[in-house]
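These are the residues of each chain, in order.
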Amino acid sequence: MRDVTTAHPVQDLDVQPTPLALLLLGRDADPRSERGVECPGDLPSPSDPDLVARARAAKEKLGDKVFVLGHHYQRDEVIQFADVTGDSFKLARDAAARPEAEYIVFCGVHFMAESADILTTDDQKVVLPDLAAGCSMADMATAEQVAECWDVLTEAGVAEQVVPVSYMNSSADIKAFTGRHGGTICTSSNAKRALEWAFEQGEPSAAKVLFLPDQHLGRNTAVRDMGMSLEDCVLYNPHKPNGGLTAEELRNAKMILWRGHCSVHGRFSVDSVNDVRERIPGVNVLVHPECKHEVVAAADYVGSTEYIIKALEAAPAGSKWAIGTELNLVRRLANRFAPEGKEIVFLDKTVCFCSTMNRIDLPHLVWTLESLAEGKQVNRIVVDPETEKYAKLALERMLALP
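Anyway, here's the lowdown on the structure attached to this text. (Residues numbered from 1 in each chain as written. Predicted model: local features only at pLDDT ≥ 70, side-chain atom pairs only at ≥ 80, totals over all residues. Heavy atoms only, no water.)

Quick look at the state of the cysteines
Going through the model one piece at a time under the given rule, you end up with zero disulfides. Of the cysteine sulfurs around Cys291, a residue in no disulfide, the closest is that of Cys262, at 8.1 Å. (Disulfide = S-S within 2.5 Å.)

Structure (structure tokens):
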């Protein structure tokens with residue numbers, strides 16, 4: 001038999017992996033991106049039956065030196081150790097309100113930890129249990145892409161009329177860009193007020209907003225909450241020359257939406273809404289404003305994560321709800337309100353966790369807490385002073401909104 005292993009000798013090519021390939025393999029890091037790297041050190045085995053006890057012991061040893069933040073989309077195994085839970089901005093503010101805590105362990109994703117670092121004191125250290133816990137939406141707008149977009153707006157002669165409004169779900173670089181160009185940050189709760197403020201900054205007939213990075217929140221707020229038309233909105237695609245838009249389209253637009261979206265909320269469809277209405281007569285459909293416009297239009301209620309929680313708290317016993325947001329939270333709410341006779345289901349038949357949020361698991365949390373308890377600083381998130389200065393300016397503008 002012919003020896004196929006030696007029939008065609010392969011030359012020893014000096015092939016070097018590209019930076020993108022290294023990022024995708026988790027073997028490198030881009031400090032200006034949401035992509036992370038693997039954690040140093042050895043993680044405990046996920047099958048270790050003592051993980052809960054180890055986490056409790058390390059947290060108890062640290063005492064008031066540590067403050068653990070848990071985002072609503074985290075796993076239950078992690079949430080049980082959170083000192084406070086909430087959405088990204090609430091958690092960042094909670095961290096800033098605890099200056100005595102030396103370590104802020106942020107069980108969320110990278111941009112959230114950045115915001116906490118911006119809002120806390122220089123003496124506090126923000127830690128992300130897994131540096132690979134990024135955000136696909138935040139990844140969809142890089143500093144270079146947004147700078148190029150501003151050049152396009154300048155060439156079209158509209159940059160002076162544009163106020164950037166960036167969603168909290170963005171990197172520190174994008175928040176800093178927003179601060180430098182006179183813009184503000186928004187959350188899903190105050191997006192309408194942020195947009196109203198932005199349009200008040202210029203001539204009413206000419207004012208425009210560049211909304212980053214979630215197109216759906218921007219479109220839903222403008223059209224559903226502020227009475228604009230879909231024609232008032234254009235979509236800027238950073239992967240196309242000039243964003244795929246003409247100068248005339250930019251001049252005529254009121255809302256310039258960045259082509260970004262949430263990989264979780266973007267999965268919900270009108271078919272999901274129609275299907276659940278057929279399966280569960282009388283169901284109330286409640287979705288997050290990061291969902292597509294047609295899904296929001298087909299829903300009964302629309303609101304932020306905090307809105308969803310409060311709506312279910314106020315719902316009458318025996319009511320039925322289909323929720324369009326991350327599955328960890330939906331399951332937690334279903335279990336919480338089941339004793340009250342409230343039926344709560346996930347809007348889509350397909351299981352849909354936030355994969356990057358789920359990178360923060362119990363082994364990573366145990367490793368983090370035990371490392372800190374031993375005096376080892378791990379996975380600290382630090383925003384450089386220049387970026388922090390302008391990102392904080394944008395955040396402060398949001399805090400000043402009435």
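After that view of the structure, there is still more to cover.
Comments concerning the packing of aromatic side chains
Summed over all chains, the structure comprises four aromatic pairs. For the pair Tyr236 and Trp258, a centre-to-centre distance of 5.3 Å together with 25 degrees between the ring planes defines the contact as stacked. Here the residue Tyr236 occupies a position in strand β8 (residues 233-236), and Trp258 occupies one in strand β9 (residues 255-258), the gap between them amounting to 22 residues. The pair Tyr236 / Trp258 is uniform in exposure class, with both members buried. Note on Tyr301 and Trp321: the rings are 5.6 Å apart at their centroids and 40 degrees apart in plane angle, and the pair reads as tilted. Here the residue Tyr301 occupies a position in strand β11 (residues 301-302), and Trp321 occupies one in strand β12 (residues 320-324), the gap between them amounting to 20 residues. (Phe/Tyr/Trp six-rings, centres within 6.5 Å; stacked < 30°, edge-to-face > 60°. Helix = DSSP H or I, 4+ residues; strand = E, 2+ residues; numbered from the N terminus. Buried < 20%, exposed > 50% of the residue type's maximum accessible area, 1.4 Å probe, protein only.)

Focus on the side chain of His216
Tracing the backbone through its elements, the reader meets His216 in helix α11 (residues 215-225). Leaving out residues up to four positions away in the same chain, His216 has contacts with His261, Pro289, Glu290, Cys291, Lys292 and His293. (Contact = heavy atoms within 4.5 Å.)

Some details on the sheet that holds strand β6 (residues 184-186)
Strands sit in the order β6-β5-β7-β9-β8 across an open sheet of five strands; the sheet is parallel. Edge positions in the open sheet fall to β6 and β8, since each of these has one partner strand only. Across the sheet, the mean angle separating the axes of adjacent strands is 25 degrees when strand polarity is ignored. Pairing geometry for strand β7 (residues 208-212) and β9, over three bridges, is parallel. (Pairing = 2+ DSSP bridges. Axes fitted to C-alpha atoms, helices over the stretch in contact; angles between N-to-C directions.)

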